[in-house]
Amino acid sequence: GMAYDGDGFALAHKTFAGNTNDGKSLVEMVEELKACSTPEAREAGEHMELEAQGAESDIKTLVVIDAGVANKDNLVMLREAGFSYLVNDTRGQRSRYQKEFRDAEKFQCLSGRGVDASKPPVEVRMLREPSPKRQTGTASADPQDGDSSASEQDTILLCRSEGRQKKEEAMFSKAEERFLEQAVKLDCRLKNRRLVKAKKIHQAIGRLKTKNPRVQRYYTIELRRENSPREGLLFERKDREVQRHRDLFGCYVLRTDRQDFEPEKLWSVYISLTQAEEGFRALKTDLGLRPNFHQLEDRVDGHIFISVIAFHLWKWIRQKLDGANDTRDWVTVRRLLRTHCYATL
């Protein structure tokens, strides 16, 4: 786990057990964040800002996290720990706003994006709704329940991105094409009697569904005749559900407990999460975090620690290059830097 600041510099890192669920890792990372965001730790960096705003300790650190760790309990935990949050709701949750997404007239295009800009348009619409509550017993913790006080409101930003829409459309089309190709092959195996035992047939159908989780839910897959596998497979498309799914391509939902953000600011802060994603890509590829073949825990930690040190150097070099409008990739920079040395030990 790695925590980054808004510019993509590493604040803290922690190594977890390999079988730890992403949603559970946030609890321990919050403890690391507390150490990074205590008044003593940030006094030098924030003293001027606090004086200018006439504030003391009421400025909360804003934690930007992705949907994988943004369950309701984690959001409540962040709020109780004294942090503000900005998250991207999961794909399943965005369907709750399908009616709002259809009302195109209430969306506004972000400045700097659109027909006259070099980047594809992004349209946004802001809503308010009660903040999530911790799940206790059998009580409902749905954020739309009306038992929250007016002071515990979340800002919801509905976003529609043309670029993301095209990307999701291409991903789904490719996944559907791959699924149908595999289904036809299985159908041929049945009709040619290369697969006759009922147990083997059902296992093959199960593998087909497991390999295609993105698409299989939108198809009905069954034997044409249970007692005659030679009839082949019946796979029918659920066109209505597919259309509902396609209607949400390019749509995503941002949620924050901050009330002082305008749509442009809220969206731009969330996009800064790409700094963290870029950092993880660099760690896993160019900086040697993977593969990690060590068996002893202290050696695993040492390998990761060296990779994190390398990340700090990589980030500072990238910052200098970006400031000089130098777009060369890291592979090129590393090749050039190899010629700049005093000695090899």
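Scoring rules and cut-offs
Residues numbered from 1 in each chain as written. Predicted model: local features only at pLDDT ≥ 70, side-chain atom pairs only at ≥ 80, totals over all residues. Heavy atoms only, no water. Helix = DSSP H or I, 4+ residues; strand = E, 2+ residues; numbered from the N terminus. Buried < 20%, exposed > 50% of the residue type's maximum accessible area, 1.4 Å probe, protein only. Contact = heavy atoms within 4.5 Å. Areas by Shrake-Rupley, 256 points an atom, 1.4 Å probe, with all protein chains shown as cover. Salt bridge = Lys/Arg side-chain N within 4 Å of Asp/Glu carboxyl O. Pairing = 2+ DSSP bridges. 1 Å grid on protein atoms, 1.4 Å probe; cavity = no way out; pocket = protein on both sides within 12 Å on 5 of 7 lines; lining within 4 Å. Points joined across faces, edges and corners; volume = space filled by probe spheres on them. Nonpolar A, V, L, I, M, F, W, Y, C, P; charged D, E, K, R; others polar. Axes fitted to C-alpha atoms, helices over the stretch in contact; angles between N-to-C directions.

K.L.:
Mind showing me how you'd approach the overall build of the protein chain here?
P.N.:
On a plain count of helices and strands, the protein chain comes out with 12 helices and 10 strands. Here the protein chain, with 345 residues, has 34% of them falling under the buried criterion. A fraction of 64% describes how many contacts in the protein chain between residues 6 or more apart in sequence connect residues 24 or more apart. When the accessible surface of the protein chain is split by element, carbon and sulfur atoms take 50% of a total near 21,800 Å².

K.L.:
I tried to follow the pattern of salt bridges on my own but got confused; where do I start?
P.N.:
Oppositely charged side chains may form a pair once their charged atoms are brought near each other. Enumeration according to the criterion identifies 17 salt bridges in this entry. Between Glu123 and Arg160 there is a salt bridge, and its shortest N-O distance comes to 2.6 Å. Taken together, the residues span a long stretch of sequence, with Glu123 in strand E6 (residues 122-130) and Arg160 in strand E7 (residues 153-161) at a distance of 37 residues. Residue class for Glu123 comes out partly exposed when judged on its relative accessible area of 28%. A salt bridge links Glu176 to Arg246, with the shortest nitrogen-to-oxygen separation between them at 3.8 Å.

K.L.:
For this particular structure, what's the right way to read the pairing of E6?
P.N.:
Put simply, side chains in a regular strand alternate between the two faces of the sheet. Here strand E5 (residues 108-109) runs beside E6; their pairing, made up of two bridges, is antiparallel. Paired with Gln108 across the strands is Val124, a residue of E6. Of the strand pairs in this sheet, E6 and E7 are connected by nine bridges, and their pairing is antiparallel. Across the sheet, the residue bridging to Val124 is Cys159, located in E7.

K.L.:
What am I meant to see in the layout of surface pockets here?
P.N.:
Any empty space left between atoms is shown by rolling a water-sized probe over those atoms. When its volume is computed, the second largest pocket comes out at roughly 690 Å³. Residue lining of the second largest pocket: 27 residues in total, with Arg164, Lys167, Tyr252, Tyr270 and Ile271 positioned closest to the centre. Within the residue set of the lining of the second largest pocket, elements represented by two or more residues are helix H4 (91-94), helix H6 (162-191), strand E10 (251-256), helix H9 (263-271) and helix H10 (273-284). Top element by residues in the lining of the second largest pocket is H6. It accounts for five residues. Of the residues contributing to the lining of the second largest pocket, the split by class is 12 nonpolar, five polar and 10 charged.

K.L.:
What's the story with the sheet that holds E6 in this structure? I'm lost.
P.N.:
Each strand in a sheet pairs with another by means of backbone hydrogen bonds, the pair being arranged parallel or else antiparallel. Across the sheet, six strands lie side by side as E3-E4-E10-E7-E6-E5; this open sheet has mixed pairing. The two strands at the open ends of the sheet, each matched to only one other strand, are strand E3 (62-65) and E5. Sitting on the sheet, H6 touches strand E4 (84-88), E7 and E10, and the angle it makes with E7 is about 70 degrees.

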